[in-house]
Amino acid sequence: MLEEFVKDRYQRPIISLRITLTNRCNVNCLYCHHDGMITSKDEMTADELYSICKIAKNMGVKKIRISGGEPLIRKDIVEIIDKIASLEFEDISITTNGTFLEKYAEDLKNAGLDRLNVSLDTLNPETYMFITKKDYLESVKAGILKAVEVGFYPVKINMVIMKDINQNEIRDMFEFCKENNIVLQLIELIESENCDDDKFSADYHYKLDMIEEKLSEIADDVYERKFMQGRKKYYINGGEIEVVKPVDNANFCANCSRLRITPDGKIKPCLLRNDNLVELISHVRAGESEEKLKEIFMEGINKREPFNS
Ligand code: SAM
C-alpha cells in the first residue's frame, strides 16, 4: 500500500502536508515559541495554497493539516478550506486555539474540513488568563461545543501539561471531554526558545511518564498508534485520552511522514531544522509549470533526513 507514496532517501513515505497559514495569533501562550512574524500581505493566498496542495495531491499526499499562528485569524479561512477540499484529500484537519470557532465551525464543516484539534490547557478562567494573557475561555468552550454540535468527530482538545499550573486539572478536563464526546490529548511541554529564562523548563516541565503509568492502571483498554510515533490511546470509562511525548527521539524521526510549508511559502523538510528550507511560493507566483513545481517539491523531499537516528 505504501508503494503509491513518494518516498524520501530513507524510504519514508510522504503522507501528509502540514501548512502553517500564518504566524499571527490573538493569544500569547507562555510556552509558545513565536516563530518570526510575517505580515498578512506576505502570507499565501487561498489560490496559492490551492496550487501548492494540488501539486502535493498529485505527488501522492493524502492528508493536509492546517496550523499557525492561529489559522482562524485568516479572514479567508473558509475559502481556503473550501479550495483545498475540492482536491479530495483523505483528511483535512486544523489545529486552532478555538477563539473564533463558534463563528466558523459550521462553515468550516460545510466547506469540507474533516477534523479539529482545539488547544485548551485549562477550564479555570484565572489559569487560562495566566497561560494566554487573554480572557477568551468562554468563547473557546462555546466554540468547542459548536464544533461538536455541527458534527465534527472526533474533536480533540490539546492540553499542554505544566507543573503546578494545570497538572491537577486532567481529571476535570477529561470529564468535560467525556461529557461532550471529545478526545483529550495530553501534550508534554517542549522547551520554548521564547523564554529568555533558562528556568522555564525547570519551572513548568512535567514529565508525562507518571501520568501514563496511572492511565495504564485505570484504562479499560490501551492502543498504540504505530504510524503516529507509538502514541498511546487510553480508553477509560467510555472516554479517550491520548498522550503526546516530545519529538526529539529517533523513533519520531524514523516514522516521520510529514512535509511542512512555512507561512512565507517555503518547504520545511524537518520540524527540528530551519537551515534547509526550500523556496516554493515565488515559483508558484511566477506561474511555473506543474512539472517545475514538482521538481521543487522533490528537492524538499530529498533534503529530508532523520534529525535523530
Ligand atoms: N494557534 C493554534 C493552536 O493554538 O492550536 C495552532 C498553533 S499551536 C503552536 C499548535 C499546538 O502546539 C497547540 O496545541 C499548542 O498547545 C502546542 N504547543 C505550542 N508550544 C508548545 C510547547 N512549548 N510545548 C508543547 N506544546 C506546544
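Summarised in this report is the structure supplied together with it. None of the values given here were measured: they were computed from a predicted structure.

1. A few points about a nonpolar patch on the surface
Then, number 1: Judged by side-chain polarity, Leu 271, Leu 272 and Phe 307 come together as a nonpolar surface patch covering roughly 240 Å² of accessible area.
Then, number 2: Inspection of the secondary structure assignment puts Leu 272 in the loop between strand S11 (266-268) and strand S12 (278-279).

2. Digging into the sheet that holds strand S6 (residues 183-188)
Sheet strands line up and pair through hydrogen bonds in the backbone, either parallel or antiparallel.
Then, number 1: Strand order in the open sheet formed by 12 strands is S7-S8-S9-S6-S5-S4-S3-S2-S1-S10-S11-S12, with mixed pairing between adjacent strands. The open sheet has two edge strands, strand S7 (221-225) and S12, and neither has a second partner.
Then, number 2: Of the pairings in the sheet, the one linking strand S3 (residues 91-96) to strand S4 (residues 115-119) comprises 4 bridges and is parallel in character. Considered in S4, the bridge of Ile 94 is made with Leu 116.

3. Section: the environment of His 283
Then, number 1: Tracing the chain through its elements places His 283 in helix H10 (residues 281-285).
Then, number 2: What makes His 283 partly exposed here is its relative accessible area of 22%.
Then, number 3: Sequence separation between His 283 and Gly 238 is 45 residues; the distance between their C-alpha atoms is 50 Å.
Then, number 4: Residues within four places of His 283 in sequence aside, it is in contact with Glu 288, Lys 292, Leu 293 and Ile 296.

4. Brief notes about the site of the ligand
Then, number 1: Taken together, 15 residues lie near the ligand, and Gly 69, Glu 70, Ser 119, Asn 158 and Ile 190 sit nearest.
Then, number 2: At 3.1 Å from a nitrogen atom of the ligand is found a side-chain nitrogen or oxygen belonging to Glu 70.
Then, number 3: For the ligand, a nitrogen atom lies 2.8 Å from a polar atom in the backbone of Ile 190.
Then, number 4: With the chains in place, 85% of the 550 Å² that the ligand exposes on its own is no longer accessible.
Then, number 5: Elements with a minimum of two residues in the shell around the ligand: S3, strand S5 (155-161) and S6.
Then, number 6: Residues that form the shell around the ligand fall into these classes: 5 nonpolar, 8 polar and 2 charged.

5. Quick look at unusual backbone geometry
Only a minority of non-glycine residues have a phi that is not negative, and only a minority of peptide bonds are not trans.
Then, number 1: For the bond running from Tyr 153 to Pro 154, omega is -5°, close enough to zero to count as cis.
Then, number 2: Looking at the secondary structure, you find Pro 154 in the loop between helix H5 (137-149) and S5.
Then, number 3: Of note in the backbone geometry, Gln 11 takes a positive phi value of approximately 65° without being a glycine.
Then, number 4: By the secondary structure assignment, Gln 11 is in the segment before strand S1 (16-20).
Then, number 5: Assessed through its relative accessible area of 55%, Gln 11 is described here as exposed.
Then, number 6: A positive phi angle, close to 50°, is found at Asn 237, a residue other than glycine.

About the thresholds
Residues numbered from 1 in each chain as written. Predicted model: local features only at pLDDT ≥ 70, side-chain atom pairs only at ≥ 80, totals over all residues. Heavy atoms only, no water. Patch = residues over 30% accessible without salt bridge, like charges linked within 9 Å, V, L, I, M, F, W, Y side chains within 5 Å. Areas by Shrake-Rupley, 256 points an atom, 1.4 Å probe, with all protein chains shown as cover. Salt bridge = Lys/Arg side-chain N within 4 Å of Asp/Glu carboxyl O. Helix = DSSP H or I, 4+ residues; strand = E, 2+ residues; numbered from the N terminus. Pairing = 2+ DSSP bridges. Buried < 20%, exposed > 50% of the residue type's maximum accessible area, 1.4 Å probe, protein only. Contact = heavy atoms within 4.5 Å. Near = heavy atom within 4 Å. Polar contact = N/O pair within 3.5 Å; in protein donor to acceptor, adjacent residues only side chain to side chain. Nonpolar A, V, L, I, M, F, W, Y, C, P; charged D, E, K, R; others polar.

Shape descriptors only; they carry no functional weight alone.
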